[in-house]
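Chain by chain, the residues run as shown.
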Amino acid sequence: MKHFTSVHDVDDLTKLVDLAFAAKANPNHNKNMGQHKTLILLFFNPSLRTRLSTEVAGHRLGMSVITMNAGQGWKLEFEDEVIMNSDKAEHIKEAAAVISQYADLIGVRTFPSLTDREADYQDRILHKLMTYASVPVISLESAIRHPLQSLTDLMTIRHFQKTERPKVVLSWAPHPKALPQAVANSFVEWMQAAAVDLVVTHPPGYELAPEFIGATPVEYDQKKAFAEADFIYTKSWSSYADYGKVLTKGSEWMVTPEKMALTQNAYFMHCLPVRRNVVVADQVIDSSASLVIEQANNRQWAAQAVIQSLLNDLL
Ligand code: AN0
Ligand code: CP
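### As for the site of ligand 1
- Every residue close to ligand 1 is listed here: Phe111, Glu141, His146, Leu179, Pro180, Lys235, Leu272 and Pro273.
- Here an oxygen atom of ligand 1 and a side-chain polar atom of Glu141 are 2.6 Å apart.
- Here an oxygen atom of ligand 1 and a side-chain polar atom of Lys235 are 2.7 Å apart.
- Computed on the free molecule, ligand 1 has an accessible area of 330 Å², of which 86% lies beneath the protein chains in the complex.
- Classifying every residue of the shell around ligand 1 gives five nonpolar, one polar and two charged.

This is how it looks when you write it as structure tokens:
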């Protein structure tokens with residue numbers, strides 16, 4: 001693996017998930033693998049899980065880990081051929097090349113603008129960084145994807161599935177803020193590559209980008225979608241068509257115990273952070289069906305598997 005920015009970078013998905021489980025079973029088995037190697041993590045946006053789990057994973061492999069709140073350094077220019085007389089002090093061209101002098105791997109988190117769909121869907125910031133960096137790049141959630149989360153989710157589903165081909169439902173949720181489509185896009189992309197039956201349910205207006213939804217069935221009736229489900233994965237996202245907008249008010253789409261009762265004793269999943277009693281009722285997230293903490297736990301093993309794979313290809 002040369003970079004880790006989407007499921008398309010993964011040579012063998014089953015192998016990568018197996019590697020994550022192997023790390024979980026034996027956390028310190030590869031404790032010298034990253035010796036004398038440096039992992040630099042750049043956060044243009046906030047994080048709790050991604051930041052800590054990736055740092056922990058790097059440390060477990062013996063790496064030096066440096067995390068930078070990228071918003072606190074010089075303001076970066078990402079456009080080419082501009083006259084840099086505004087507030088941007090440094091171009092990504094130099095910044096990425098400079099970071100590559102110190103880092104063996106670079107991780108980056110960069111949220112979408114949610115105002116410029118074209119720029120967001122070209123994942124411009126991530127790609128500019130990859131263009132000008134000379135070392136492998138790990139996406140810690142970009143404008144349109146969150147692959148470390150999806151690897152974690154696949155791992156969690158594989159552990160808890162009771163049938164060979166479980167029914168997995170991605171259910172849109174209400175939220176007071178306009179959120180990226182990244183987690184949903186990525187989840188769909190990874191589930192399409194896995195042995196599951198995926199159904200996506202959301203109100204009209206929240207259709208995912210055609211290149212992500214592909215041939216995955218969409219059911220506009222949430223209750224119908226929940227029937228026979230083995231996993232309910234909830235996430236809020238803003239509209240793609242009416243880009244970045246929140247079109248729906250009210251709690252009609254919140255996950256409740258009544259809705260969970262329509263499923264096949266389904267597990268409840270969410271990437272976190274989650275707004276209680278907006279996205280999901282307390283009774284569901286606090287029930288034994290909730291896998292949210294297990295998902296968060298698995299983030300460290302997913303990160304470890306990814307870092308190991310990238311380090312292996314550096315050798
Ligand atoms: C972000 C999102 O929806 O992409 C990060 C989730 C992992 N969520 C929030 O900003 C609440
Ligand atoms: N799930 C997730 O990526 O959480 P953070 O935004 O806290 O990293």
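### With respect to unusual backbone geometry
- Omega for the peptide link from Leu272 to Pro273 comes to 5°, which places this bond in the cis form.
- For Glu81, which is not glycine, the phi dihedral falls at a positive 55°.
- In this fold, Glu81 is placed in the loop between β3 (76–77) and β4 (90–91).
- Glu81 sits in the exposed class, given a relative accessible area of 85%.
- Its identity as a non-glycine residue notwithstanding, Asn265 has a phi of 50°, on the positive side.
- With respect to the helices and strands, Asn265 occurs in the loop between α10 (257–260) and β10 (267–269).

### Concerning the site of ligand 2
- Taken together, Ser47, Leu48, Arg49, Thr50, Arg109, His146, Gln149, Cys271, Leu272 and Arg299 make up the full set of residues adjacent to ligand 2.
- Measuring from a nitrogen atom of ligand 2, one finds a backbone N or O atom of Leu272 at 2.9 Å.
- In isolation ligand 2 has 250 Å² of accessible area, and contact with the protein removes 93% of it.
- Here the shell around ligand 2 is composed, by residue class, of three nonpolar, four polar and three charged.
- There are two domains that each give the shell around ligand 2 at least three residues, and those are domain 1 (7–145 + 299–314) and domain 2 (149–295).

### Section: the pairing of strand β7 (residues 167–172)
- Buried residues dominate β7, accounting for six of its six residues.
- Because side chains alternate across β7, one face comprises the buried residues Lys167, Val169 and Ser171, and the other comprises Val168, Leu170 and Trp172, equally buried.
- Pairing of β7 with strand β8 (residues 197–201), which is carried by five bridges, proceeds in the parallel orientation. Across the sheet, Ser171 pairs through a bridge with Thr201, a residue of β8.
- The β-α-β motif built from β7, the intervening helix α7 (residues 182–192) and the parallel element β8 has right-handed crossover chirality.
- Here β7 runs beside strand β9 (residues 231–235); their pairing, made up of five bridges, is parallel. Along β9, the bridge assignment pairs Val169 with Ile232.

What counts and what doesn't
Residues numbered from 1 in each chain as written. Chains lettered and ligands numbered in written order. Predicted model: local features only at pLDDT ≥ 70, side-chain atom pairs only at ≥ 80, totals over all residues. Heavy atoms only, no water. Near = heavy atom within 4 Å. Polar contact = N/O pair within 3.5 Å; in protein donor to acceptor, adjacent residues only side chain to side chain. Areas by Shrake-Rupley, 256 points an atom, 1.4 Å probe, with all protein chains shown as cover. Nonpolar A, V, L, I, M, F, W, Y, C, P; charged D, E, K, R; others polar. Helix = DSSP H or I, 4+ residues; strand = E, 2+ residues; numbered from the N terminus. Buried < 20%, exposed > 50% of the residue type's maximum accessible area, 1.4 Å probe, protein only. Domains from an automatic or database assignment. Pairing = 2+ DSSP bridges. Right-handed = clockwise from strand over helix to strand, strands pointing away.

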